[in-house]
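For reference, the chains in residue letters:
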Amino acid sequence: MSKIIQSLRFKEIVFNGKSYNKPQIEYKFKQLASKLDIKQASSPFIFLIARNNLATLISFLALRELNQICVFIDPLLGQIEYDEYMDLLQPWCVIDHKSVMDEDVIESDIEFLEYQTKRTIDEEILEDACAIMFSSGEDGRMKPVVITENNILRNIEGILTGDINDDSRSTCAILPFFHVFGLVNGLIIPLITGGRVLIVDISDISKVTRIVEEIKNHKITNIYTIPLLYYLFTRVKDIDYYLSDVLTLYSGGYKLTREIYESFYRKTQKKIHEGYGLTESTGLSIGHWVLKEPDPENIGNVVTMVNKLKIVDNTGKEVPVGVTGEILLKGANITKGFYADKIATTKYITDGWLHTGDLGHIDMNDYVYFDGLLKRMYNIGGKNIYPAEIERF
């Protein structure tokens, strides 16, 4: 049986103005699991179009119940990339729940698929896998990252040594659920630590006032989101009132600027903590401990013994304190590799060390500073754009 399902002990999930307790959620995901006839499975993969709604959570738990691998798909993914994913993974089923109002997955949300020619399945790398999420490579192609339950649960073990998210807390992650930060911090952690979860629609983040009203109404204590949202929060009148119950604020996805940090603090008198991680590290690997004073100049230090970190030069040799090099990570949270891509797995993971493609340095107190990108990439309007990707088309 799934360790994640065995670990569920949350009090309440709130979505679209409705409240659901643990027995109600269990009934829903078991009911959906019964609709998915696993005898039809021609592969271990099911595609989940992962919108930020209750149905995405119900679907993920149903797939854990069936021991199927959930492939998280961005609802805004382009057709070319989607077709490439379909050809590579050949899912036997696609779940796409478009309704915002209705929380239940119905028959019309489920599409069963068959293929004339079947690909060989890479069984070795899929052992114990529970999910696939996609990570950008320097060639512009998204790579399928294999994530196991052990990756998730060990990473949570690490995160909770530096964060506080227990049965007294209420969590809201204003993050996409197809992203590992949203899945782990926004859903799985509060689900297994006994807290409450608020799921908000993020399809139009310009409606930030509606989001903060929900945060206030449901007495949210823990917020996880990206720097852009903290900037938008500062533009909301009386934001200090709306966030008055919040105890922990965490930022990730890309570097939080000092300007946003200080502007937010002036408006709310609350300090934002920051974390760093990748899909390949199952999310947060470096971060500020919430009981310590955050410094917006750095991204914190290694969260726990779950992670190891070193900074190396282009020959792989560790660099001295204060010298910039590539950030490498190692630990039980690191992926086994990329599905059906042994070349990329060998390139990016050597002796268990994940080459992040990011540059950083460490100071005398073991705090890590983000110094930029080793790989060629531009961030335009919140999207990662690679020269190689443009050349590809």
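Residues numbered from 1 in each chain as written. Predicted model: local features only at pLDDT ≥ 70, side-chain atom pairs only at ≥ 80, totals over all residues. Heavy atoms only, no water.

Asker: Is there a simple way to explain a nonpolar patch on the surface in this structure?
Answerer: Nonpolar side chains collect at one region of the surface, where Leu-228, Tyr-231 and Tyr-254 lie side by side and expose about 270 Å² of accessible area between them. You can see Tyr-231 is positioned in helix α8 (residues 227-233). (Patch = residues over 30% accessible without salt bridge, like charges linked within 9 Å, V, L, I, M, F, W, Y side chains within 5 Å. Areas by Shrake-Rupley, 256 points an atom, 1.4 Å probe, with all protein chains shown as cover. Salt bridge = Lys/Arg side-chain N within 4 Å of Asp/Glu carboxyl O. Helix = DSSP H or I, 4+ residues; strand = E, 2+ residues; numbered from the N terminus.)

Asker: Would you take a moment to explain empty space enclosed by the protein for this structure?
Answerer: If you roll a probe as big as a water molecule over the atoms, it shows you where there is empty space left. Taken as a whole, this structure holds 3 cavities of 30 Å³ or more when the rule is applied. If you add up the space inside the largest cavity, you get close to 60 Å³. What lines the largest cavity is Lys-28, Gln-31, Leu-32, Lys-35, Ile-58, Glu-103, Asp-104 and Val-105. Looking at the lining of the largest cavity element by element, the count peaks at 4 residues for helix α2 (residues 22-35). (1 Å grid on protein atoms, 1.4 Å probe; cavity = no way out; pocket = protein on both sides within 12 Å on 5 of 7 lines; lining within 4 Å. Points joined across faces, edges and corners; volume = space filled by probe spheres on them.)

Asker: Honestly, the pairing of strand β20 (residues 368-373) in this entry has me stumped. Any pointers?
Answerer: On a regular strand, one side chain projects to one face of the sheet and the next to the other, so that they alternate. As defined by bridge partners, strand β19 (residues 353-362) adjoins β20 across 5 bridges and the pair is classed as antiparallel. Among the inter-strand pairings, Leu-359 is bridged to a residue of β20, identified as Gly-372. Connecting β19 to the next strand, β20, in antiparallel fashion are 5 residues, including Asp-366 with a positive phi near 70 degrees. (Pairing = 2+ DSSP bridges.)

Asker: Explanation requested: unusual backbone geometry in the structure shown.
Answerer: Residues other than glycine predominantly adopt negative phi, and peptide bonds predominantly adopt the trans conformation. Its identity as a non-glycine residue notwithstanding, Asp-128 has a phi of 70 degrees, on the positive side. Summarising the element assignment, Asp-128 is placed in the loop between β6 (110-112) and β7 (129-136). Of note, Thr-282 is a non-glycine position whose phi angle comes to about 55 degrees, a positive value. Note on placement: Thr-282 falls in the loop between β13 (273-278) and β14 (283-287). Residue class for Thr-282 comes out buried when judged on its relative accessible area of 1%. (Buried < 20%, exposed > 50% of the residue type's maximum accessible area, 1.4 Å probe, protein only.)

Asker: Could you clarify how one ought to interpret the packing of aromatic side chains in this entry?
Answerer: Applying the stated criterion to the full structure yields 12 aromatic pairs. Of note, Lys-216 hangs over the ring of Tyr-241, and the distance from its end group to the ring centre comes to 4.7 Å. (Phe/Tyr/Trp six-rings, centres within 6.5 Å; stacked < 30°, edge-to-face > 60°. Lys NZ or Arg CZ within 6 Å of the ring centre and 35° of its normal.)

Asker: Help me out: how do you make sense of the environment of Gly-331 in this one?
Answerer: Structurally, Gly-331 is set in strand β17 (residues 325-331). C-alpha of Gly-331 to C-alpha of Pro-190: the two residues are 141 residues apart in sequence and 23 Å apart in space.

Asker: Is there a simple way to explain the sheet that holds β6 in this structure?
Answerer: Backbone hydrogen bonds hold the strands of a sheet together, and the pairing may be parallel or antiparallel. With respect to topology, 6 strands assemble into an open sheet ordered β6-β5-β3-β4-β7-β8, the strand pairing being mixed. The strands lining the two open edges of the sheet, one partner per strand, are β6 and β8 (142-148). Ignoring which end each strand starts from, the neighbouring axes of this sheet average 25 degrees apart. Here 5 bridges tie strand β3 (residues 45-49) to strand β4 (residues 69-73), and the two strands are oriented parallel to one another. Bridging from a neighbouring strand, Ile-49 pairs with Ile-73 of β4. Relative to β3, helix α3 (residues 54-66) is tilted by about 170 degrees, and along the sheet it contacts β3, β4, β5 (93-95) and β7. Each of β3, β4, β5, β7 and β8 is contacted by helix α4 (residues 79-89), which is oriented at about 160 degrees to β3, the strand it contacts most. (Axes fitted to C-alpha atoms, helices over the stretch in contact; angles between N-to-C directions. Contact = heavy atoms within 4.5 Å.)

Asker: How do you make sense of the nonpolar core when you look at a structure like this?
Answerer: Nonpolar side chains in soluble globular proteins tend to be buried together. Counting 60 residues, the largest nonpolar core has Ile-13, Ile-25, Leu-36, Leu-54 and Phe-72 as its most contacted members. When neighbours within four sequence positions are excluded, Phe-72 is seen to be in contact with Leu-48, Ala-50, Phe-60, Ala-131, Ile-132, Met-133, Phe-134, Phe-177, Phe-178 and Leu-183. (Core = buried A, V, L, I, M, F, W, Y, C linked by side-chain atoms within 4.5 Å.)

Asker: What am I meant to see in the environment of Leu-198 here?
Answerer: Note on placement: Leu-198 falls in strand β10 (residues 196-199). We classify Leu-198 as buried; its relative accessible area is 2%. The spacing of Leu-198 and Glu-214 is 16 residues in sequence and 8.3 Å in space, taken between C-alpha atoms. Ignoring anything within four residues of it in the chain, the contact list for Leu-198 reads Val-14, Thr-171, Cys-172, Ala-173, Glu-214, Ile-215, His-218 and Ile-220.

Asker: Is there a simple way to think about the packing of helix α5 (residues 149-159) against helix α6 (residues 180-193) in this case?
Answerer: A pair of packed helices is characterised by two quantities: the angle between their axes and the separation of those axes. Viewed as axis vectors pointing N to C, α5 and α6 meet at an angle of 85 degrees, and their least axial separation amounts to 11 Å. When the interaxial angle is binned, α5 and α6 end up roughly perpendicular. Contacts between α5 and α6 involve Ile-152, Leu-153, Ile-156 and Ile-159 on the former and, on the latter, Val-184, Asn-185, Ile-188, Ile-189 and Ile-192. Here the residues of the contact of α5 with α6 sort into 8 nonpolar, 1 polar and no charged. (Parallel < 35°, antiparallel > 145°, perpendicular 65-115°, else oblique. Nonpolar A, V, L, I, M, F, W, Y, C, P; charged D, E, K, R; others polar.)

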